[in-house]
There are 2 protein chains.
Amino acid sequence: MTATAGVVALRYEPGALHAIDQTELPWREHHLVLRTAADVADAIKRLAIRGAPLIGVAGAYGVALELGRDPAGLVPACELLATARPTAVNLAGAVDRVRAAAQAATGDPAAAALAEARAIHAEEEAASAEIAAHGAELLAEAGARRILTHCNTGALAAPGRGTALAVIAELAERGSLEKALATEARPLLQGARLTVYELAHLGIPHELVVDSAAPGLLAAGAADAVIVGCDRVAANGDVANKVGTYGLALAAQAARIPFVVAGPTSTIDFATATGAEIVIEERDPEEVRQAAGQRLTLEGTPCRNPAFDVTPAHLITALVTERGVLRSPDAASLSRLRAAPGV
Amino acid sequence: MTATAGVVALRYEPGALHAIDQTELPWREHHLVLRTAADVADAIKRLAIRGAPLIGVAGAYGVALELGRDPAGLVPACELLATARPTAVNLAGAVDRVRAAAQAATGDPAAAALAEARAIHAEEEAASAEIAAHGAELLAEAGARRILTHCNTGALAAPGRGTALAVIAELAERGSLEKALATEARPLLQGARLTVYELAHLGIPHELVVDSAAPGLLAAGAADAVIVGCDRVAANGDVANKVGTYGLALAAQAARIPFVVAGPTSTIDFATATGAEIVIEERDPEEVRQAAGQRLTLEGTPCRNPAFDVTPAHLITALVTERGVLRSPDAASLSRLRAAPGV
């Protein structure tokens, strides 16, 4: 197999966005039919649609859908959608683009909004393919054949084949992958539920580990590189990503193996100077008290549940974008990337 | 409350060892009645009895029980029990002591074995109290009031009040604790199930986090110190402990806060030169595929499931034993500890 046959996370049809409900995977492939901005915002909030690039595209379609129903609905729809998740910059960015297109339209604003949403979708699909190619080249050059990844960054996280998982899929297609190691990604288990599901569909040899096993396995030489996605990249190269990413970066550094971050340039937030400024979403403690609906601890136990953590730029070997690879990303190299045409 | 009221993990009565089945906590306080070495070995293997010091004591009683039933049963019972878990040195050490006492007995070997098991039990209880006092002094001096701990190291892990969790309990008694942060400790959730249960019984303010959230929280200043137990300490100070410990040590170093290991000297294995020689138990992959009996991933997913990892001595700020505190433990300081009378 060369792609996640049958796994299409989002599909727009006139009047509705069809989305796999990712909270039900891998047990049930249930498709949601989202007709309003509120439907889309709700699906994003409860993680039925997730992954920074994918929620950006979903948010864009959400604005277009609402405008098709109610020509006066633009501003509240944009506010609702832009704030459905606080950490990913893609979401606010995509919503802003669709709003601007609708407001600038000389003809039908709803048609202009939909055209912009489709354009964003197509751009992200193209970005996924470029990221896969650049990342596979980087890792193949490094001789990395056993790759550890965190959370889910495949077709269920970003249009096309995703980001970090697209790199792994591309390496496998090129015959350069021995095995993928997937962390489970507590509390919501996107690794155990979604990445394993995608890897199984792709026919890629893989092993699942609990999150806290990864540092010791890296120290013992069980992987040649770590690759993860990103929810937001600050202007200095600090990366906010799924909680647990920072610990993997520390462990990769200690094991002297590459720690690679993959994401489209839409994930870079030049308005945020450093990772210290990124608002870390704190989610419902009940997510920690349960796993896949099973209670794990005493009822009402107080919990901390940060959804993300920040990995400082100095721990990042390379940032792989659709525009190429930044080695040791920092404010200067990101600034050059921004100045390049088309960014 | 000043102690885990009602939580007595092990109790010997003539002909039987009574043990709380820790696999059923915190939902059900079910007491096992173990009458043979095989009963005890089985309880250790399936983690109904766990924690390096506690399984040492259980193993000691197991030998005595078997000898009380069958005077010829000494050697096979010792072999069965000493190998019930591969990583903890206490178990083999305690079993050897009871065997030697039985073999050296001039009177009834079974009575000699039981007396030795009781002596080991009493020594471990005394060690717990000493560890608590030394550790609390160390952390109070460091001004650490918010302490992160991993897995379970309380009364359910070691006779008395335990090891690392005994330090936290002692700090709380002295009015020097603001809060304990407990990691859940996947896959078997000893933190979520057992540490939270003990902290709730002790009336100690606490918060539960998923394992991978700890490094980011430490970087953000959420705790002043990390304290963990140990399953085995090598002669050079490298520490094997519950999987995830190594990642916490890296994160504590990066956050410039103390990383403290607490355990009785019975945990030190002078026959093992470094952590590289420690055999890491690889457990059933089904533990990774499930949480508290709930399936988390596709059936048959290949998994790695190391039960422990190794933290190199250079990451350890202090080793707290019943004989005092070793700062920056290494081969020389451990060797001096060994040479001290009574070790």
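Our subject is the structure that appears above.
Residues numbered from 1 in each chain as written. Chains lettered and ligands numbered in written order. Predicted model: local features only at pLDDT ≥ 70, side-chain atom pairs only at ≥ 80, totals over all residues. Heavy atoms only, no water.

1. Section: the overall build of chain A
Moving on, step 1. Helices and strands together make up the secondary structure of chain A, namely 11 helices and 16 strands.
Moving on, step 2. Scaling as 2.2 N^0.38, a compact globule of 343 residues should have a C-alpha radius of gyration of about 20 Å, and chain A matches this with 19 Å.
Moving on, step 3. Each principal axis of the C-alpha distribution contributes one length, and for chain A these read about 60 × 50 × 40 Å.
Moving on, step 4. Across the 343 residues of chain A, 61% fall into the buried class.
Moving on, step 5. Contacts in chain A between residues far apart in sequence, at least 24 positions, make up 73% of those at least 6 positions apart.
Moving on, step 6. Summing over all exposed atoms, chain A offers an accessible surface of approximately 11800 Å²; the carbon and sulfur share of this is 51%.
Moving on, step 7. Averaged over its 29 positive side-chain charges, chain A has a centre that lies 2 Å from the centre of its 39 negative ones. (Helix = DSSP H or I, 4+ residues; strand = E, 2+ residues; numbered from the N terminus. Rg over C-alpha atoms; globule rule 2.2 N^0.38 Å. Buried < 20%, exposed > 50% of the residue type's maximum accessible area, 1.4 Å probe, protein only. Contact = heavy atoms within 4.5 Å. Areas by Shrake-Rupley, 256 points an atom, 1.4 Å probe, with all protein chains shown as cover. Lys, Arg positive; Asp, Glu negative; His and termini not counted. Charge placed at Lys NZ, Arg CZ, Asp CG, Glu CD.)

2. As for the sheet that holds strand β10 (residues 259–262) of chain A
Residues and elements named next belong to chain A.
Moving on, step 1. Pairing within the open sheet is mixed, and its 7 strands lie in the order β6-β5-β4-β7-β10-β15-β16. Strands with a single pairing partner mark the edges of an open sheet, and in this sheet they are β6 (206–209) and β16 (324–327). On average, each strand axis in the sheet is tilted by 25° relative to the strand beside it, whichever way the strands run.
Moving on, step 2. The pairing of strand β4 (residues 146–149) with strand β7 (residues 225–228) spans 3 bridges and is classified as parallel. (Pairing = 2+ DSSP bridges. Axes fitted to C-alpha atoms, helices over the stretch in contact; angles between N-to-C directions.)

3. Description of the relation of the copies chain B and chain A
Moving on, step 1. The operation relating chain B to chain A is a screw motion whose rotation component is 180°, with 0.0 Å of axial translation and a residual RMSD of 0.0 Å. Expressed as a symmetry operation, the mapping of one chain copy onto the other fits a two-fold axis. (Least-squares fit on C-alpha atoms with pLDDT ≥ 70 in both.)

4. Things to note about the pairing of strand β16 (residues 324–327) of chain B
Moving on, step 1. Of the pairings in the sheet, the one linking strand β15 (residues 318–321) of chain B to β16(B) comprises 4 bridges and is antiparallel in character. Note on β16(B): the bridge partner recorded for Ala318(B) is Arg327(B).

5. Overview of helix α1 (residues 37–45) of chain A
Residues and elements named next belong to chain A.
Moving on, step 1. The set of residues buried in α1 consists of Ala37, Val40, Ala41, Ala43 and Ile44. Projected onto a plane normal to the axis of α1, the buried residues spread over an arc of 160° and lie on a single side.
Moving on, step 2. Elements that come into contact with the buried residues of α1 comprise β2 (16–20), β3 (31–34), α2 (52–69), α3 (74–82) and α4 (89–104).
Moving on, step 3. Phi turns positive one or two residues past the end of α1, at Leu47, with a value near 70°. (Arc of directions from axis to C-beta.)

Just geometry here; none of it tells us what the structure is for.
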